[in-house]
Every structure is written in structure tokens, then in C-alpha cells.
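# Examination of the molecular architecture
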Amino acid sequence: MSAPEPEIMAHPARLKAVLAVLFAALTVAGGVPLFKHRHYGMTFVAGPGVTKVIKLSDYSPGLKGSFTDPDVFILEGAEPGGKALLMADTHANEPAGLLAVLIMIENTVVEKGTLYIIPTLNVSGSRNTKAGDGYPLYFDIPTDWGKVRFRMGTRDASPLESWPDPDVYIHYPEKQMLSYLDVRNTNRTWPGRPDGPPMERVTYAAMELMRKEKVDIAFDLHGAETMFPVTNCIVAPQKSAKIATLAAMTVKAMEGYDSHVEPSPQNFRGLSHREIGDYSDTLPFLLEAPIPFLDQPTGPKTVKLLLDGKDPFLLSLAGKKKLFVAYDEKGWPMDKRVGQHMSTTLEIIRQFSKKTPDKAIRLTGAPKYADLVRDGAGHYYRDPAKAAPDRIHYE
Amino acid sequence: MNIIMILYYVITAGLVLLLGWNFLRERKSANDLILGLLVLVPLVLRLLRVK
Amino acid sequence: MTLQIGAILLLMVAAYAVASFKKLSVELSILAAAVAGGLGGAFLKTPPIAELPRHLVEGMFPYLDVMLVFSTATIFMALVNESGGVNYVVRGAIRLFYNVRVVALLVLMIIILIPGALTGAGSVSLLVVGAPVALALKALGIPERKVAAILFIVAGLAAAAPPVNIWAMILCAGTAIPYVGFTYTLGIPVLILGTFTILWFGLKKEGGMDKAAALAALPPAPPGMNGWRVLMPFLVFFGLIIANRIWPFATPIFGLPLEFTAAALTAWLVSPKRLHVLKLARETMQRLLPLLATMIVVGMLQQIMTATGVRGMISYSVIIIPLVLLFISLAVIIPVSEGVLTYGAAAILGIPLIWFFDSIGLHATVAIAGLSILWPLGDGLPPTALIGRLSVMVSEYKGTYWSFLRQTWLPWLVITITGILMVVYSAKLAFLVRWSM
């Protein structure tokens, strides 16, 4: 206890009232933006290719009626063929994947086969903010008609959905011990349980989708720090490795960007590229595009850094060869990262279709890397004001 | 919301009551008044399910 | 940009210094630094002024769960203490082991290690068993200053000990390295360093008491108190933790705060004398207030440092230090960062360090283990000094904080050298990881 402070405590009741009002004002001024962020609905326009929008809980009722139940956009072709699942916002602070799949939802038309798209796999994480890390709450992507606003989420689900954390998270079913935080991390809770902690329910429902619909290939779209060794790559287990390698070589030769293949480690449990492969017949691919915003040694965490990826500290570190990707004054713009996700995904689908023609997936209307670098991602977003009300979805 | 999560809100509410009580009874230290309010802010926002 | 961020950092340091000079508490001084940094940043719109309240409030959240653990654990221990359980245990320990000093010391060391090893928090060790162990050590003729030093060092090692080491877990989570292979890599150094520490401080008997006098000097246990009544609440606590480890998929996630609350209720029910629970709880929260507030303001400071780029600049400055100098400076950087940011330090400095070490051919798992025995030392350093302050509190040492800290110099030095050597020779120590798998 600190020493008495006689002067200031001459009128304790008055002082208490003043302090209480001050703190109440701070609580409201700081709390309201956080509340609004959590309840903000991002607007997605279902494009001409979307044939159905369902909830992930349709595959596992344990998710129903909660902030953990994401939308699933289904794009069915007239001709039957292979099936692909695209997931973004597994980590909601790595938004290039979300921007890429939204372009797919709003523009792609499937001719043969089916696409299942989950734009925000960890809904709760996308409505959460990373306390202590000073992120912006939203970011805007300029379009031809205005701008689209996205929530900046975080890696882990909110404690408002998943509380308490265990003292150590024990992975199901492999019993590997993981950090307590990983119970809220949808890239550590695969393959999940129908009645486990909330994020295990999410991954279980996605596993059920893959098993019941007999999905052939699955994509999990991420971003990774430039100082992280596993960045700018396709992570694939043994069974997906051949297709991943062909795709990596093709995008390098034909589209001019690097995305090497990293093997999925055998003894690191809970990750999509490991468990989807081990617990279903689906071939998993995890795509990483660099995201300088998440690196530790950067300047202020601004929307600008998130979108252009330019940072003087990283530039200096690149000169000292401490980064795992090429980095220059141009930074790593969001459009380039979205473009990589689009083109790598499309190329993997193409390689898979070539290898198994009876399960081919054929689609049109999806821009590629060069288009996105030239036009910007915003060019491909539809104006909700001009869309039919039943085509608009809020996530 | 499952029973354990409800218990966590009960524990949090209990701590809010204890801290609030101490705040009301404090007569000597302005420092402790401010610290008490600082600790209360996140607990109250959690109870209100804001963050 | 460096210049602007540097100016904001200076502003924060200045605000801290002025607040301290005006005799404000450590907590309010950190708060002043955070607010000053936020206002300074607002000039450059990093962050924009309109977002400052949100940043300040959001920054109060990183340690919310840790605060619940501290609160429930301390209330639990206050109940056990008030019921006379602590006195009962200490009397028993002295009766059994007074004449075999080395065994007594090692048993007490293990008792401190277990709660921290299971939960990853040295604070839990101190809150659960700190007070009775401190009494037992004093009864063995060890002066209070040394008792505080033993508690601080061994509780820190407990936090680093396997199976749960939160620094290592944060680093593994942030670097995508599996949290496996730490059992011997951490366990062996922790046991060696713990044994060295407790024998160094405790082997020499400095008090003149014999066994009978020591027992007479201890407060009596209340009538009706027995082994079962003492043991029951602890059985409930450890039972819930262990049940989750043995049957992880059949038991729900209780979390430490609920486990402590269940133990507290048990202690209340089995106490042989009537306990004034509300009064005790209220007094405990008052005693904990500075510690809880520290966690709040450190989170706010962290948030502002990141939003303004100060945190990134510090992280950058560490990474560009030349290698040999970097190894040596770990002795300062790691504990000081922990002192300022607690677990936040592992994320800010640790993650880029491990990526860097990995890229130059060091063994990441061993390097993480090495760093994570250095971090607990920082829990004795201001401004936070969480474990140091708790050690002083439970040992009831009355001297200055600095005189307590000075006492720890030799184990501090040995731990520092061990940790750094583990990082430098991590590739050669990789066999420890293989044994652990």
C-alpha cells in the first residue's frame, strides 16, 4: 500500500466521483470501437457463379447459432467433375487469402466441378483484435466505384467464444502438447472433434464437409512474416507434393513469381496441411504469401504498411540478408500477394485436373497474378448498391 | 455458452465486486483509487462481452 | 522514420522519469509513459488521436487471464493460511527433516518446482507453496533475505521447467516449431541450477535454533487441523490439473482460475475454524492491487509501443547486433526485456531471435530452452519485477528491494552463463532433444 496523500485525499468522495467519471469515459471511448468492430458485417456479393450459400454448421450442428459458424459459398458447374475447398481467414490477421477468395466468390463461374469457399473460417478470430499489438481495426480496399471495408482480425478466436484457455493445449487425437493459445488457433485444432473446444468444432465441421462431399483438393490461404523461414511457399504433405511442385515450377516459368514447396512436417500436429491429409482423402495445400505487417521489427502498424508492405527496418534487414524473401523499396503490395494466392490456387487446380481428367475442375472469370498486379484487387469487387438484395451476404 | 464459461463470468463478477468494494472504502491513497479503476476496466468490458 | 520513432521513445522515457521523480508509483509511471507515447504518436497519426482511447483500452487485455489466475490463487492461499494449514505443514516438515539438512532443502526445492512446472507460472509456485516453504526455510536457520532469494530463483526455474514453459510455448507458437523435445533439454538444467541455488543459500545454518526451539518458535496449528484437511484443497487443485493431462479428451477445460476457485472452496469447507471469506478475499485483492495494475499498464505500454513503431525499432536494434556481441548481450537484453514487458518480451525479441539463430545453423529447440531459462531472471527486475516482488512478499523480507536482488548475484550469474552457453552450443546439445522425444 502506498503512503497516504493527505492533500489530494481531503475530499475522498469528490475525488472518487471525478476518477470514476474519467475512467467510465475512457471505458466507453475505448470499448465502443471494439464492440462495433466485433459486430461489423463485411459485405460480400454473391457473383453469377454462386449457386448456394450455406452455413458450415450444416455439416456439424455443434457450431449452430454462434459467432463461430462461417458461411460456405458453393459454386457448382453444369457438368460434374472434381471438388475443391478454399478456406481463408484461418488466421484473420493474414487477409490476402480473404481478398483472393472474395474475388472468386464475386467473379468466378464454374463450368465443370464444384468449388466450396469459406471466406472466414475462424469467424470469431476475424471479429477479435490482438490485444497488445496495436493493429488498426479495419482496412479499406479502393475499387472502381468506392471502397470495400474489411475487419482486421487476429490469429486466435476471441475468448468471448472460447474461454477459458487450458494451461496447456493437448492436440486431439495425437496428444501433442501445444501452447495454451493454440486452443483458439484454427490452424492447430485440425482434425477436431464435434463436441470439443469451439475451434475444434470448426475444423471438425470443415473435415466433415470434405469427407461427406468427397472434396478432392483443399486450400488454406495464409500470410507469413518475411523473417519466417516458411514464407512465400506452398506447404504440402507427401501426397500433395507432386502437384505442388509442378504448380510452383509453372507459376515461376509462366507468371514470373516465386513460390517454392515446403514439406509438411510429420511430427507437428494440428495443422491443416498435416491433418486434412492424414484424416481424409482430400489433398491439402497451404499457401503462404509474405506479409511484412506481421514482422516484429517494423515501424508503426498502420493500414498503409498492411497494404503496401513497405518498411524501412525490413529494407535494412534485407540488406543484411536476414529476410527469407526478396525485398526492396517496392515492399510487398497486397495486390501482388492476392495475385499470388489466386494464380497458385488456379495452377494447382489445373495440375490436379490434368492429372485426373475425370475429376477435372474448369472455371472462368478468375483474374490471375498479372491482372491483379495491373488492376489492383479492388477492380474485381462488385458494388453492393447495384446487386440484388438476395445476393448480398454479411459476414 | 457452457457451464464452465458461465462460471468464469461469475468469478470475474466476484472480482469486480471485491475491487469495487475496496474502491468505495479507500480513504487514504489516491494511487490505489486509480489502480483499482485501471484493473476494473477490462474486467467490466469482459462482463459486458465487449472484448 | 527512425528519428520520429526515436523521439516518441524519448518522450516515453521522459514521462516515466518525470512521473518517478514526482514520486508516483511504478504502475502510474508506466501508465504515464504509455499515454505520453500515444500522444506523441498521434502527432504522426501513428496511431491517429481518435484511436488512442481504443488502443489504451485494448492494451489492458493481454494479461486478463493471468490476473484471474493471480487473484484466485492468492485468495485460495489466503484461505489455507488462515485455516492454519500452512502452520501445520511447516511444523511437520521441520519435525521430519530438521536433522537431515540436504534432504530437507532438496524436498523444499521440489515442492517449489512442482506448481510452476505444471502451470508454467513461477507466481503460482509462490502463491501456492511460497509462504509455507518460506517458514520452513526460516526454521532451518536461513535468514529472510536468503529465503527471498531462494524463492525467487527456484520459482523462476519452476516456470522454465517442463512440461509447461510459457516462454518456450510462445516462441514455438510464433516460429512454428513444435513444442516437443523440451523434457530433458529444460529439465536437466533446471534441476542442476535449482540444486546449486538452494544448497548455496541454504547449506549453512545461520540461526542458532535447535529443533525444539524452531518448533516452539512456529505458530501452533489450530485444534482439529490434520493432514487430510491440509491436503484436500491441494488434492482438488492438482487432481483437476492432472486429470486433464491423463484424460485430456474426457475432461473439460477447467483453466487455472476455476481450478484455484474449486480448491479455495474446498479449503473453506474443510477448515477446522470459521473463516471470514469475504473479508479475506477483499484484503487479498487490496494486497494484489499493485501487481494486477502492473499487468494492466504493461499491456497498455506494449500496445502503444507497437502502434507507434517503438517496439519494432527495439526489435530491429537487437537483431542487427553482431553475433558474438549478441550472444554476450543476451545476458542483459533477455532479463531487461522481461522486466519491462513480461511475456510480451518473448514475442517481441524472442521470435525474431529464434528465426535468426535457426538461419545460422543453431538448434532452435535448444536455443529456445536456453533463452527460456534466462527470461525468468527478468521477473526480478523493475519496473514489473512480478516474481521478485512476490518473493519478497511471501518471505516477509523487510529490507530494500535492491538488497534482496543483490543477494541473488551468484545463481543469477551461473544461470546466465548456462543459458547463453546453451544457445551458443545448441547444435552440440541436440542429443537432449532426441532423448526427450
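Look up: the structure comes first, before these words.
Residues numbered from 1 in each chain as written. Chains lettered and ligands numbered in written order. Predicted model: local features only at pLDDT ≥ 70, side-chain atom pairs only at ≥ 80, totals over all residues.

## Regarding the overall build of chain A
Within chain A, the secondary structure is distributed over 10 helices and 15 strands. At 22 Å, chain A has a C-alpha radius of gyration in line with the 21 Å of a compact globule built from 395 residues. Taken along the three principal axes of its C-alpha coordinates, chain A extends 85 × 50 × 50 Å. For chain A, the proportion of its 395 residues judged to be buried stands at 59%. Contacts in chain A between residues far apart in sequence, at least 24 positions, make up 74% of those at least 6 positions apart. (Helix = DSSP H or I, 4+ residues; strand = E, 2+ residues; numbered from the N terminus. Rg over C-alpha atoms; globule rule 2.2 N^0.38 Å. Buried ≥ 20, exposed ≤ 12 C-beta atoms within 10 Å, placed from the backbone. Contact = placed C-beta atoms within 7 Å.)

## What to know about the overall build of chain B
Counting secondary structure elements, chain B contains two helices and zero strands. Its C-alpha radius of gyration of 13 Å places chain B more than 25% over the 10 Å reference for a compact globule of 51 residues. C-alpha atoms of chain B, sized along the principal axes, occupy 40 × 20 × 10 Å. Considering chain B as a whole, with its 51 residues, one finds that 51% of them fall into the buried category.

## Quick notes on the pairing of strand β6 (residues 138-142) of chain A
Residues and elements named next belong to chain A. Only one face of β6 is covered, namely the face carrying Phe139 and Ile141; the face carrying Tyr138, Asp140 and Pro142 is uncovered. When β6 meets strand β7 (residues 147-151), the two strands line up antiparallel, connected through five bridges. Paired with Pro142 across the strands is Lys147, a residue of β7. (Pairing = 2+ DSSP bridges.)

## Here we look at helix α2 (residues 96-107) of chain A
Structural remark: α-helix, 3.6 residues per turn; residues separated by three or four positions point the same way. Residue and element names in this part refer to chain A. When the terminal C-alpha atoms of α2 are compared, their 17 Å separation across 12 residues agrees well with the 16 Å that a helix rising 1.5 Å per residue should span. Extensive coverage of α2 is indicated by the burial of 11 of its 12 residues. Of the residues making up α2, those classed as buried are Ala96, Gly97, Leu98, Leu99, Ala100, Val101, Leu102, Ile103, Met104, Ile105 and Glu106. (Expected span 1.5 Å × (residues − 1).)

## A look at the interface of chain A and chain C
On the chain C side, the residues contacting the 47 residues of chain A number 57 residues. Of all elements in the fold, only α1 (12-39), β9 (177-178) and α8 (312-319) of chain A reach the threshold of two or more residues within the side of chain A that touches chain C. Ranked by the residues each element gives to the side of chain A that touches chain C, the list is headed by α1 of chain A, at seven residues. Classifying every residue of the side of chain A that touches chain C gives 25 nonpolar, 14 polar and eight charged. (Nonpolar A, V, L, I, M, F, W, Y, C, P; charged D, E, K, R; others polar.)

## Structural notes on unusual backbone geometry
Residue and element names in this part refer to chain A. Cis geometry is found at the peptide bond from Tyr172 to Pro173, where omega equals 0°. Tracing the backbone shows Pro173 in the loop between β8 (169-170) and β9. In the segment running from Trp190 into Pro191, the intervening peptide bond is cis, with an omega of -5°. With a phi close to 55°, Lys214 is a non-glycine residue in the positive phi region. Mapped onto the fold, Lys214 is located in the loop between α4 (198-212) and β10 (217-224). Of the residues examined, Lys214 has 12 C-beta atoms within 10 Å and is grouped as exposed.

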